[in-house]
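Architecture and fold: a report
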Amino acid sequence: TWHLKKIPQIVSERTFSLDSPKFEAKTKLELNSVCGIECQRRLPVPSLSDVKDLLSYETIFENGTRTLTEVNVLGLVLDPAGNTTTQRSLRKKRQIYGTDSRFSIYDKRFMTNFPFNTAVKISTGCSGILISPKHVLTAAHCLHNGKDYVKGSKRLRVGLMKTKSRGDGRKRKGARRNGMPSFQWTRVKSTHIPKGWFKGVSGDIALDYDYAVLELKRPHKRKYMELGISPTIKMMPGSMIHFSGFDNDRSGHLVYRFCSISDESNDLFYQYCDAEPGSTGSGVYLRLKEPNKKKWKRKIIAVYSGHQWVDVNGEQQDYNVAVRITPLKYAQICFWIHGNDENCTQG
C-alpha cells in the first residue's frame, strides 16, 4: 500500500542571476569515481544548513540565462541513522547480467498508452518521464557534468512518442513493421538542477542529487505519472521495480524491464536491472494499492541514474543505480512543478 507521509516544506528565499554557462561539457552516460556504497557509509548526517545548501538549485532558461535560488527547509526531521546500506555480494563488471531480461515494446497500443507513453527521449541521448502536463523528470548528468552544462543542452528538446500517420507508414513500412516509435519534439523552456549535483562529496560526484526537472514550452496533453515517496525494499512487492527507456543498443525502440533491488542506502537503490546507456534518466516506478481503496496505482519512486563504477574497498565495482525520491526530494520536485509548497504537503 502507498503510505502517506508528511512532507517537509521547501521555501524559496533568494534568487540570484549567474553568468551564462559555456555548454562545453561532453555527455557522459557512465560516471567514474562516484560516492558508492562504502563512501555512503562514511558520510556524516547532513545538518539543516547542509540540506538547505544541497537543495538550493540552478535554473537555466532557453535563452542561456541562469539563476541560483537559495531555499529554506521547514519541518525537516533529520535521520540520525545516516546513510546506512546493507551488505551484498559483488557481481561481475557488465551491464547485462546473465540472460538479457529486457522487453522491446513493439505494439503501438502499448507504446502510446499508459504507463509506457510516459517515457520520453531527451535530445542529449537520455530518457525521462512525464510528471505533470508540462514537466519531465530525468537525470542531472544528462544535462550537466558537475562543472558545466553538456553540449546540446542549450537547445534542449524532449521527444514524446506518437503513432505514425498513414503517410509515414507508407513511406517507412520497415520502421512501422519493426515497432519503431516516432517522436514529437518539444523545446524545453527551463531546467532545474539541485546544487547538490554541482557540489559533490569529497571532490566526487554525489549521485544522491542526480536528478533534474525540465519544463516544456507547451503542455503535452497526455497522461503523466505521479510522484511517490520511495518505500524501503521490505515494503515493495517482491522488491520489484519497473522502468522504460530508450537503450542505445536497441535504437528507436522503447525498452521495458523489471527486476528486484539488491541493496539500498537512504538516497540510492543498487540493482541489476538489465540496462544500456540511453535508458539513463528513466522514471523507476512501483504499482501499489491506494490507501483504503481497492485500486492499484503506479507512482515514480526513483530516477534511473545508470550504470556506474564506484570504489568499493579500493576496487572499481559496478552497479546499476537509481536515485530514490525521498520526502525532501519529493518536496523539491513538487515545488518545481507547482511553484509553491501548498500542493506538496503530503506524498
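Scroll up for the structure.
Here goes a summary of the coordinates provided.

Rules of the game
Residues numbered from 1 in each chain as written. Predicted model: local features only at pLDDT ≥ 70, side-chain atom pairs only at ≥ 80, totals over all residues. Heavy atoms only, no water. Helix = DSSP H or I, 4+ residues; strand = E, 2+ residues; numbered from the N terminus. Contact = heavy atoms within 4.5 Å. Areas by Shrake-Rupley, 256 points an atom, 1.4 Å probe, with all protein chains shown as cover. Phe/Tyr/Trp six-rings, centres within 6.5 Å; stacked < 30°, edge-to-face > 60°. Buried < 20%, exposed > 50% of the residue type's maximum accessible area, 1.4 Å probe, protein only. Polar contact = N/O pair within 3.5 Å; in protein donor to acceptor, adjacent residues only side chain to side chain. Disulfide = S-S within 2.5 Å. Arc of directions from axis to C-beta. Pairing = 2+ DSSP bridges.

It is worth spelling out the overall build of the protein chain at this point. What the protein chain contains, in helices and strands, is seven helices and 16 strands. Within the protein chain, contacts between residues at least 6 apart in sequence are counted, and of these 75% link residues at least 24 apart. Total accessible area computed for the protein chain in this model is approximately 16100 Å², and 48% of it derives from carbon and sulfur atoms.

What follows deals with the packing of aromatic side chains. Two descriptors summarise a pair of aromatic rings, namely the distance from one centre to the other and the angle between the planes of the rings. On inspection of all chains with the given rule, the structure shows eight aromatic pairs. Taking 4.7 Å as the distance between ring centres and 25° as the angle between the ring planes, the aromatic pair formed by Phe243 and Tyr304 counts as stacked. Of the two residues, Phe243 is situated in strand E11 (residues 240-245) and Tyr304 in strand E15 (residues 296-312); the sequence distance between them amounts to 61 residues. For Phe243, a relative accessible area of 0% gives the class buried. Plain terms: the ring middles of Tyr256 and Phe258 are 6.0 Å apart, the flat faces sit at 40° to each other, and that makes the pair tilted. Members of the aromatic cluster, joined through ring pairs, are Tyr57, Tyr209, Tyr211 and Trp336.

Summarising the element assignment, His242 is placed in strand E11. Here the side chain of His242 touches Tyr256 through a polar contact of 2.8 Å, side chain to side chain. With residues up to four places along the chain from it excluded, the contact list for His242 reads Tyr256, Arg257, Phe258, Gly283, Val284 and Tyr285.

Applying the stated criterion across every chain yields a total of one disulfide. In this model Cys126 forms its disulfide with Cys142; the gap between the sulfur atoms is 2.1 Å. Between Cys126 and Cys142 the disulfide shows an S-S torsion of about -95°. By sign, it is left-handed. Linking Cys126 in the loop between strand E5 (119-122) and strand E6 (127-130) with Cys142 in the loop between strand E7 (135-138) and strand E8 (157-162), this pair joins segments that are 16 residues apart in sequence. On the basis of relative accessible area, Cys126 is assigned to the buried category, the value being 0%. For Cys142, a relative accessible area of 0% corresponds to the buried category.

Attention now goes to helix H2 (residues 48-55). Residues Val51, Leu54 and Leu55 constitute the buried set of H2. Mapping the buried residues of H2 onto a view down its axis gives an arc of 90°, with all of them on the same face.

The buried count for strand E2 (residues 57-61) comes to four of five residues, which makes it a mostly enclosed element. In this structure, E2 lies alongside strand E3 (residues 66-74), joined through four bridges in antiparallel fashion. In the strand pairing of E3, Glu58 is matched with Leu68. One ladder, built from five bridges, connects E2 with strand E9 (residues 182-194); its direction is antiparallel. Bridge assignment links Tyr57 to a residue of E9, and that residue is Pro194.

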